[in-house]
Amino acid sequence: MPFLSATLDRVKPSPTIAVSTKARELKAAGHDIIGLGAGEPDFDTPQNIKDAGIAAIAAGKTKYTAPDGIPELKDAICAKFKRDNNLDYAPSQVSVATGGKQILYNALMATLNPRDEVIIPAPYWVSYPDMVLLAGGEPVIVEASLDTSFKITADQLEAAITPKTKWFIFNSPSNPTGAGYTWGELKALTDVLMRHPQVWVMTDDMYEHLVYGGFEFCTPAQIEPGLYDRTLTCNGVSKAYAMTGWRIGYAAGPEPLIAAMRKVQSQSTSNPCSVSQWAAVEALNGPQDYIATNNEVFKRRRDMVVDMLNQADGVTCPMPDGAFYVYPSIAGCMGKTSPGGNVIKDDEAFATALLEEKGVAVVFGSAFGLSPNFRVSYATSDDALSDACTRIQDFCASLQ
Ligand SMILES: Cc1ncc(COP(=O)(O)O)c(C=O)c1O
């Protein structure tokens, strides 16, 4: 009898965590490494939020809580959905979990039966397909292309839907491309979904607040009220409030689904960290002005990185609308050889050679389901970004 679960054979470890780990190891061994793999803001958690966490500890709010969140946080989440998305949810329709990741995981575990299909546009956040597989479902990948700025079309969505489709996972602005769907583009997708009442929408709005240059965020239930009863609107405090380590994510949707997710959570982590929940109350209810301040920094970095990468031989880098990633194509580098003798046969070979020969850690595109590309996270200092992009330019120029 094998010791390890057969389900585990279906999934792979997170490649983004693997890249960050390798970069850290090389750095610790004394190499000059610039890591562009991080999926978290380099800003500190705002002081008012930290203070709320400290106050919660001092007040003894350090015990188990309700499995899917304290009432005060659920109220703050309902207020946030009304304020930002014009969506009405009652606290009984809200679930809080240990990060956005656990919210998505709970929802998939609570709903997927063997061979249920889940439509995932590519490039996708690395965890979606593996979470679907862990929950026993079948990921159905729909590839977007550079020509459509990494966004899928209504025709593509229509073609991917079958009687077995249970969920459509939607992420805008996207990790890894930063692409954001406009109101019109998203309406075209929700029109398709209105024709298929068996399909539910899991929208991952984690990067809602990180948008630049006038881009206006929108979310499916807001655009198409007809989808309200089959949409799980997922979000979290990790990215907008620089709270990745606090591990708080949340979602709102129909009560029976929320109750099923509560059941999963009550038998896994019991509840999200009590102290973090109080910090998240402050994040959502407190001042929001530093989001705009941080976004000015992110926008400046985005513009610099896109400009510098487009100057690299063989690289085409579209301008994203949000998040803190760019996802350049390296089609023009394929088949070439680096000075170190590495043949660039795919984007993994490109990323490996770039790390070994120039000390720049990026995540290769095949990890996100669309190649040949790589992902740069610009959530790091301007100096590090400028240095890294210069090294990428040198590396690309040296390819023969
Ligand atoms: C698209 C997307 N969804 C969800 C998450 C998970 O967020 P959290 O750190 O709150 O679990 C991430 C984090 O990288 C993400 O990029």
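Conventions and cut-offs
- Residues numbered from 1 in each chain as written.
- Predicted model: local features only at pLDDT ≥ 70, side-chain atom pairs only at ≥ 80, totals over all residues.
- Helix = DSSP H or I, 4+ residues; strand = E, 2+ residues; numbered from the N terminus.
- Rg over C-alpha atoms; globule rule 2.2 N^0.38 Å.
- Buried ≥ 20, exposed ≤ 12 C-beta atoms within 10 Å, placed from the backbone.
- Pairing = 2+ DSSP bridges.
- Axes fitted to C-alpha atoms, helices over the stretch in contact; angles between N-to-C directions.
- Contact = placed C-beta atoms within 7 Å.
- Domains from an automatic or database assignment.
- Near = placed C-beta within 6 Å.
- Nonpolar A, V, L, I, M, F, W, Y, C, P; charged D, E, K, R; others polar.
- Expected span 1.5 Å × (residues − 1).
- UniProt positions renumbered as here; feature names shortened; annotations may be inferred.
- Right-handed = clockwise from strand over helix to strand, strands pointing away.

Caption draft 1: Quick peek at the overall build of the chain. The number of helices and strands found in the chain is 13 helices and 12 strands. Rg of the C-alpha trace for the chain: 21 Å, near the compact-globule value of 21 Å for 400 residues, within the 12% margin. When its C-alpha atoms are laid out on the principal axes, the chain stretches across 60 × 55 × 50 Å. A buried classification covers 51% of the 400 residues belonging to the chain.

Caption draft 2: Seen up close, the sheet that holds strand 2 (residues 94–97). Across the sheet, which stays open at both edges, the seven strands sit in the order 2-8-7-6-5-3-4 with mixed pairing between neighbours. Each edge of the open sheet carries a strand with a single partner, namely strand 2 and strand 4 (138–143). Pairs of neighbouring strands in the sheet enclose a mean axial angle of 20°, with direction left out of account. Those strands touched by helix 5 (residues 127–134) are strand 3 (117–122), strand 4 and strand 5 (165–171), and its axis lies near 155° from that of strand 4.

Caption draft 3: Just the domain arrangement of the chain, in detail. Per the domain assignment, the segments of the chain are domain 1 (6–44 + 290–398) and domain 2 (63–285). Distance between the C-alpha centres of domain 1 and domain 2: 26 Å. If you look at the interface, domain 1 gives 34 residues, while domain 2 gives 32 residues. Those elements that place two or more of their residues in the side of domain 1 that touches domain 2 are helix 1 (15–28), helix 11 (289–310) and strand 9 (325–326). It is helix 11 that provides the largest number of residues to the side of domain 1 that touches domain 2, a total of five residues.

Caption draft 4: Representation of the site of the ligand. Contacts to the ligand come from 13 residues, most closely from G99, G100, K101, N175 and S238. In terms of residue class, the shell around the ligand is made up of two nonpolar, nine polar and two charged.

Caption draft 5: Region of the structure containing the pairing of strand 7 (residues 231–236). For strand 7, the buried fraction is high: six of the six residues fall into the buried class. Residues T231, T233 and N235 point to one face of strand 7 and L232, C234 and G236 to the other, with burial holding for every one of them. When strand 6 (residues 200–204) meets strand 7, the two strands line up parallel, connected through four bridges. By the bridge assignment for strand 7, D204 is matched with C234. Direction of pairing for strand 7 relative to strand 8 (residues 249–252): antiparallel, over a ladder of four bridges. Pairing of T233 across the sheet is with A252, part of strand 8.

Caption draft 6: Seen up close, helix 2 (residues 47–58). End to end, helix 2 covers 16 Å across 12 residues, agreeing with the expected 16 Å (1.5 Å per residue, within 8%). In the core, the buried residues of helix 2 are packed alongside helix 10 (274–285). Phi turns positive, to about 75°, at G60, one or two residues after helix 2.

Caption draft 7: Broad picture of the sheet that holds strand 9. Strand order in this open sheet of three strands is 9-12-11, and the pairing throughout is antiparallel. Each end of this open sheet is capped by a strand with a single partner; those strands are strand 9 and strand 11 (363–364). Relative to strand 12 (residues 374–377), strand 9 runs antiparallel, the two sharing two bridges. Counterpart to V326 in the pairing with strand 12 is V376.

Caption draft 8: View of the UniProt feature "domain: Aminotransferase class I/classII large" (unreviewed entry) in the chain. UniProt records the feature "domain: Aminotransferase class I/classII large" (unreviewed entry) at residues 32–392, using the numbering of this structure. In this annotation, residues 32–392 is assigned 39% helix and 14% strand; the end-to-end C-alpha distance for the span is 14 Å.

Caption draft 9: How the structure looks around helix 5. Regarding helix 5, the residues found buried are Y128, P129, M131, V132 and L133. Check the buried side of helix 5 and you find it contacts helix 4 (99–111), strand 3, strand 4 and strand 5.

Caption draft 10: Main features of the environment of V11. Among the structural elements, V11 can be located in the segment before helix 1. Look at V11 and you get partly exposed, because 14 C-beta atoms sit within 10 Å. Distance in space between the C-alpha atoms of V11 and L309 is 32 Å, their sequence separation being 298 residues. When sequence neighbours within four positions are dropped, the list of residues in contact with V11 reads D130, L133 and L134.

Caption draft 11: Looking closely at the pairing of strand 3. Summarising burial for strand 3: six of the six residues are buried, a large majority. In terms of strand pairing, strand 3 meets strand 4 through six bridges, oriented parallel. Its bridge partner being in strand 4, I119 is matched across the sheet by V140. Note that the unit made of strand 3, helix 5 and strand 4 has a crossover that is right-handed.

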